[in-house]
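Residue-level structure breakdown
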Amino acid sequence: MNPDLLLMPVALAESSRLADGLPDDRRVRFVDLAAQHTALASEIDQALAGVFGRTDFVLGRDVHLLEEEFAAYCGVDYAIGVDSGTSALELALRAWDIGPGDEVITAANTFVATAFAISQVGATPVLVDVDPITYNLDATLLPGALSSRTRALIPVHLYGQPADMDPILAFACAHGLVVIEDACQAHGARYKGRRAGSLGHAAAFSFYPSKNLGACGEAGMVVTDNADAAERIRWLRNQGQQAKYQHVVCGHNHRLDTVQAAILRVKLSRLDTWNTVRRRRARLYTRLLAGIPTIVCPIVAAYAEPVYHLYVIRVAGRDALQTYLLERGIETGIHYPTPIHLQPAYRDLGYRSGSFPVTERYAGEILSLPMYAELPEAQCEQVAQAIGQWVARAA
Ligand SMILES: *Cc1c(COP(=O)(O)O)cnc(C)c1O
């Protein structure tokens, strides 16, 4: 057994702290999906009535329309609806024939699904540490991760802020690597004016319910400008079929559900408005927290227009602050408490504690504050005030 595993905190499973017992007026929710759904309920009901009327439940009209609309939204030629963000990453890798014997470089501090998609195709994830200011993949560390087996790079636009893509793309170009953006937290974000998803060879989006654009269940999307890759991904998601019962490659069932597509079309029309509100709430948090010592707020890079899937602060004594906030009805999260390379699932990758110092240090300091488009401003103020009180008491 890897001795590092013995040093791992074992009781971190409960990283989101919810105030389930409290009445609503004393609770600040981390995310409130009901608030969004209530506002759209009649429109969604109508969209669903359309699907049930047509009974085109599998690869139906709304799947095709969502694909067109989402491709246009991202500024790319093709979008292929799939059943999750994880599948989107996996199929994008498969479209470029990445598999056993290949290495794929990604950020050490991402959600584990980024690495699992790489493992699922039979390739090996190679991790690199992140930039201490943006928390995104540090391009200056790429040469150290490169080997003769490296085939692809998956930069992650973590928390909704695009990674610094120009140096990443230049490195990929110099070494003939495929770049697949993990845009699962970055629907609508921009890098130097261009949408996340339009920057690499392909990109993966998740429509997990709490994402900036979320389904009422599981869903995802691959986007690309590459016609051949788009065609292969269409086959791969649908039992390898080029036409009915013509199976040209070994495929699987990763289709996007028409019911989810119909709901997502209703929500896509609101995405920019929601992202604008998220940015406004983020600016409010930053303004309110700026004067409080020891709290580090997110920094917006000059090249980025982020969409704040999460608003993540850093603070020494994070666990105590999280408990203090919860006692006041304020829910928070940690994204993510245990880095990928210290997870039991990845003990065989050969990393140890100390391999990625920035990622490891931040895992103990980061705290995600309540953030969603319907979050009342007064609750941001309540959260900031409680953080201020905790810092004052701890000082
Ligand atoms: C949500 C997420 C995924 C996985 O998406 P699913 O739809 O849950 O499969 C992958 N990468 C990142 C960074 C994510 O946030």
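Predicted model, so just to flag it, every value in this text is computed and none were measured.

In this section: unusual backbone geometry. With an omega of 15 degrees, the peptide bond running from His335 to Tyr336 counts as cis. Its place among the elements puts Tyr336 in the loop between helix H10 (318–327) and helix H11 (357–363). Positive phi values are uncommon outside glycine, yet Thr55 reaches one of about 50 degrees. The topology assignment puts Thr55 in the loop between helix H1 (33–54) and helix H2 (61–74).

In the vicinity of the ligand, 13 residues are found, and the nearest of them are Gly85, Thr86, Asp182, Ser206 and Lys211. Gln185 is positioned such that a nitrogen or oxygen atom in its side chain is 2.8 Å from an oxygen atom of the ligand. Lys211 places a side-chain nitrogen or oxygen 3.1 Å from an oxygen atom of the ligand. Its free accessible area being 380 Å², the ligand has 93% of it covered by the protein chains. Mapped onto the shell around the ligand, the elements with two or more residues apiece are helix H3 (85–95) and helix H4 (112–120). Looking at the shell around the ligand, its residues break down into four nonpolar, seven polar and two charged.

So, about H1. Bending of H1 peaks at approximately 65 degrees at the position of Ala41. Regarding H1, the residues found buried are Gln36, Leu40, Ile44, Ala47, Leu48 and Val51. Taken together, the buried residues of H1 touch H2, helix H8 (258–268) and helix H9 (271–289).

Let us now look at the side chain of Asn212. With respect to the element layout, Asn212 can be found in the loop between strand S8 (202–206) and strand S9 (220–224). According to the relative accessible area criterion, Asn212 is buried, its value standing at 1%. Polar contacts involving the side chain of Asn212 include one to the main-chain carbonyl oxygen of Val307, which spans 3.0 Å. What Asn212 contacts, discounting residues up to four positions off in sequence, is Gln185, His187, Leu271, Trp274, Asn275, Arg278, Val307, Tyr308 and His309.

Topologically, Ile313 is positioned in strand S13 (residues 311–314). Ile313 sits 16 residues away from Cys297 along the chain, and the two C-alpha atoms are 4.9 Å apart. For Ile313, the contacting residues outside a window of four places in its chain are Leu289, Ile295, Val296, Cys297, Leu321, Glu365, Ile366, Leu367, Leu369 and Ile387.

The next subject is the sheet that holds strand S12 (residues 304–305). Spatially, S7-S6-S12 is the arrangement adopted by the three strands of the open sheet, whose pairing is antiparallel. Of all strands in the sheet, those bounded by a partner on one side alone are strand S7 (194–195) and S12. Two elements, strand S6 (residues 190–191) and S7, share two bridges in a ladder whose sense is antiparallel. Bridge pairing in S7 links Tyr191 to Arg194.

Of all five residues that make up S8, five are buried, and the element is covered over most of its length. With burial as the criterion, each face of S8 is covered, one bearing Ala202, Ala204 and Ser206 and the other bearing Ala203 and Phe205. Two strands pair when backbone bridges link them, and strand S5 (residues 178–182) and S8 are joined in this way by three bridges, in the parallel orientation. Note that in S8 the partner of Asp182 across the bridge is Ala204. Bridge analysis of S8 against S9 gives five bridges, and the strand direction is antiparallel. Residue pairing for S9: Ala204 is matched across the bridge by Val222.

What counts and how
Residues numbered from 1 in each chain as written. Predicted model: local features only at pLDDT ≥ 70, side-chain atom pairs only at ≥ 80, totals over all residues. Heavy atoms only, no water. Helix = DSSP H or I, 4+ residues; strand = E, 2+ residues; numbered from the N terminus. Near = heavy atom within 4 Å. Polar contact = N/O pair within 3.5 Å; in protein donor to acceptor, adjacent residues only side chain to side chain. Areas by Shrake-Rupley, 256 points an atom, 1.4 Å probe, with all protein chains shown as cover. Nonpolar A, V, L, I, M, F, W, Y, C, P; charged D, E, K, R; others polar. Bend = angle between axes of the 7 residues up to and from the residue. Buried < 20%, exposed > 50% of the residue type's maximum accessible area, 1.4 Å probe, protein only. Contact = heavy atoms within 4.5 Å. Pairing = 2+ DSSP bridges.

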